[in-house]
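Coordinate inspection notes
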Amino acid sequence: MRLEHAPIDLKPDPWQRWIAVGQVVSVLVLAAGLYLTYKANQETSMANREQQRLTEQGQITDRFTKAVEQLGQSGPEKVDVRLGAIYALERIMRDSAADQPAVVDVLAAFVRVHAPAPPKPARPVPHPTADRPAVPPSVDIQATLTVLGRRDITHDGNTRLDLTRSNLAGANLAGANLARTDLRDAYLAGANLNLVNLTSAGLRNAYLAGVSLSGANLSDAFLTNADLTNGDLNGVNMDETDLGNAKLVDANLNGANLSSANLTNVNLNGADLTDAYLANANLNGAYLVGAKGVNSSTVRCAWVDDETVLPDGAARPEAVPPRDRQGC
């Protein structure tokens, strides 16, 4: 006998539907709550960071104001206060790159005001020598120059270090980064500028008698009318440097790179040019009588004109561009 089974009616339970809907809604509400909490925390965090930034900026402003006030205290009895201010300003430069241009302006102004270059007629006739060195700057001026020379110049922005008409005689600036520095009419007699970076620096009319520039980089610098008498420029890089009308009497240019330099009307009487590189240098109107190490091979690849005075034995280069001459 065969049993007949009645069909099973599987109608959905409405309560199950509502439970499922409720679960979905719960998930959505939870997700929305988490998102709103995240946004709220993010805004709070941003607000806290902004508040912290404003607090730090306020602290830097207070430090800057206090340091400037201390720097302005005059008199020999306040030198320790000024030194503290100088190093406090250096710390501000390290802590806040955005404030470096303002600090550089303040320190440069301090040098210009408190160490002005002497009037030209009052400049000493005897040039500084090893036996008669220039008088060094005061301790606070030297400290300022040291701080400026070791700053990170990539934080200067459009600010150009302005040391025009400053008295930097006898200063120790060895290894300093003074690229693009404006040193027009500065008085640097007997200064130590060994290994200094003076790329694209402005030194027009600067007084550099007796300076030591051994191993320095003066590429693209401007030294028109500068006085470098007795200067030690051993191995200096002066590629494409403008030395028009400069005075290099008795200067040591042994091994110097003067390729493509402008040496028009320069006075090299008594200068040592042994192993100096003068390819494509412009020697129009230059005075080389008494210069050591100058011979036909030295000036063969240089520009000269009828006004150029060469020492005895040095053949005048051909009247063709140096680059077109064989071997130049």
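The shown structure was predicted, so the numbers you read here are calculated from the model rather than taken from an experiment.

1. Digging into the overall build of the chain
- Along the chain, the regular secondary structure elements total five helices and zero strands.
- When the helices and strands of the chain are placed in sequence order, the string is α-α-α-α-α.
- Taking all 328 residues of the chain together, the buried fraction comes to 40%.
- Here the analysis covers contacts within the chain between residues at least 6 apart in sequence; of these, 26% occur between residues at least 24 apart.
- Accessible surface computed for the chain: about 17,900 Å², of which carbon and sulfur atoms make up 54%.

2. Section: the pattern of salt bridges
- The full count for this structure, using the stated rule, is nine salt bridges.
- For E90, the salt bridge goes to R150, with nearest N and O atoms at 2.7 Å. With a gap of 60 residues between them, E90 in helix α2 (residues 79–95) and R150 in the loop between α4 (139–149) and α5 (296–299) connect regions that are remote in the sequence.
- In this structure, D95 engages R91 in a salt bridge whose closest nitrogen and oxygen atoms are separated by 3.3 Å. Here D95 pairs with R91, and both are found in helix α2, just four residues apart, close to one helical turn.
- Ionic contacts of the salt-bridge type, sharing partners, join the residues R63, R91 and D95 into one network.

3. Here we look at the nonpolar core
- Counting 75 residues, the largest nonpolar core has L188, L208, L213, L218, L223 and L228 as its most contacted members.
- Counting only elements with at least two residues in this core, the list comes to α1 (14–71), α2, α3 (100–114) and α4.
- In terms of residue count, α3 provides more of this core than any other element does, six residues in total.
- In this structure, L208 is in contact with L188, L193, L203, L223, A226, D227, L228 and T229, ignoring residues within four places of it in sequence.
- Grouped together as the second largest cluster of nonpolar side chains are six residues, A134, A189, Y207 and A209 included.

4. Looking at the environment of N177
- Within the secondary structure, N177 is located in the loop between α4 and α5.
- Given a relative accessible area of 21%, N177 falls into the partly exposed group.
- Between the alpha carbons of N177 and R150 there is a distance of 6.3 Å; along the sequence they are 27 residues apart.
- The residues touching N177, leaving out its near neighbours within four places in the chain, are L148, G149, R151, I153 and N197.
- Among the polar contacts listed, one links the side chain of N177 to the backbone nitrogen of A179, at a separation of 3.4 Å.

5. So, the packing of aromatic side chains
- Applying the stated criterion to the full structure yields one aromatic pair.
- For the ring pair Y187 and Y207, a centre distance of 5.0 Å and an interplane angle of 10° mean the geometry is stacked. Of the two residues, Y187 is situated in the loop between α4 and α5 and Y207 in the loop between α4 and α5; the sequence distance between them amounts to 20 residues.
- Given a relative accessible area of 7%, Y187 falls into the buried group.

6. Thoughts on the packing of α3 against α4
- As a packed pair, α3 and α4 sit with axes 10 Å apart at the nearest point and diverge in direction by 145°. Where α3 crosses over α4, the two elements pack in a sense that is left-handed. In this structure, α3 uses V104, L107, A108, F110, V111 and H114 to contact α4, whose residues at the interface are D140, I141, T144, L145, V147 and L148.
- The class makeup of the residues in the contact of α3 with α4 is nine nonpolar, two polar and one charged.

7. Describing the side chain of S166
- With respect to the element layout, S166 can be found in the loop between α4 and α5.
- Among the residues examined, S166 registers a relative accessible area of 0% and is labelled buried.
- Of the polar contacts made by the side chain of S166, one reaches the backbone oxygen of L163; its length is 3.0 Å.
- Excluding residues within four positions of it along the chain, S166 makes contact with V111, R112, A115, P116, A117, A186 and Y187.

8. Let's talk about α4
- Counting buried positions along α4 yields nine of eleven residues, so the element is predominantly enclosed.
- Restricting attention to buried positions, one finds in α4 the residues D140, I141, Q142, A143, T144, L145, V147, L148 and G149.

9. What about the environment of S214?
- Within the secondary structure, S214 is located in the loop between α4 and α5.
- Spatially, the C-alpha atom of S214 lies 9.2 Å from that of G231, the residues being 17 residues apart in sequence.
- If we ignore the near neighbours within four places in the chain, the residues touching S214 are N194, L195, D232 and N234.

10. Section: unusual backbone geometry
- Even without being glycine, R165 reaches a positive phi, approximately 55°.
- With respect to the helices and strands, the residue R165 is situated in the loop between α4 and α5.
- We classify R165 as partly exposed; its relative accessible area is 48%.
- Here the phi dihedral of D185 falls at roughly 60°; this positive angle occurs in a residue that is not glycine.
- Mapped onto the secondary structure, D185 falls in the loop between α4 and α5.

The rules we used
- Residues numbered from 1 in each chain as written.
- Predicted model: local features only at pLDDT ≥ 70, side-chain atom pairs only at ≥ 80, totals over all residues.
- Heavy atoms only, no water.
- Helix = DSSP H or I, 4+ residues; strand = E, 2+ residues; numbered from the N terminus.
- Buried < 20%, exposed > 50% of the residue type's maximum accessible area, 1.4 Å probe, protein only.
- Contact = heavy atoms within 4.5 Å.
- Areas by Shrake-Rupley, 256 points an atom, 1.4 Å probe, with all protein chains shown as cover.
- Salt bridge = Lys/Arg side-chain N within 4 Å of Asp/Glu carboxyl O.
- Core = buried A, V, L, I, M, F, W, Y, C linked by side-chain atoms within 4.5 Å.
- Polar contact = N/O pair within 3.5 Å; in protein donor to acceptor, adjacent residues only side chain to side chain.
- Phe/Tyr/Trp six-rings, centres within 6.5 Å; stacked < 30°, edge-to-face > 60°.
- Axes fitted to C-alpha atoms, helices over the stretch in contact; angles between N-to-C directions.
- Left-handed = near helix turned anticlockwise from the far one by under 90°.
- Nonpolar A, V, L, I, M, F, W, Y, C, P; charged D, E, K, R; others polar.

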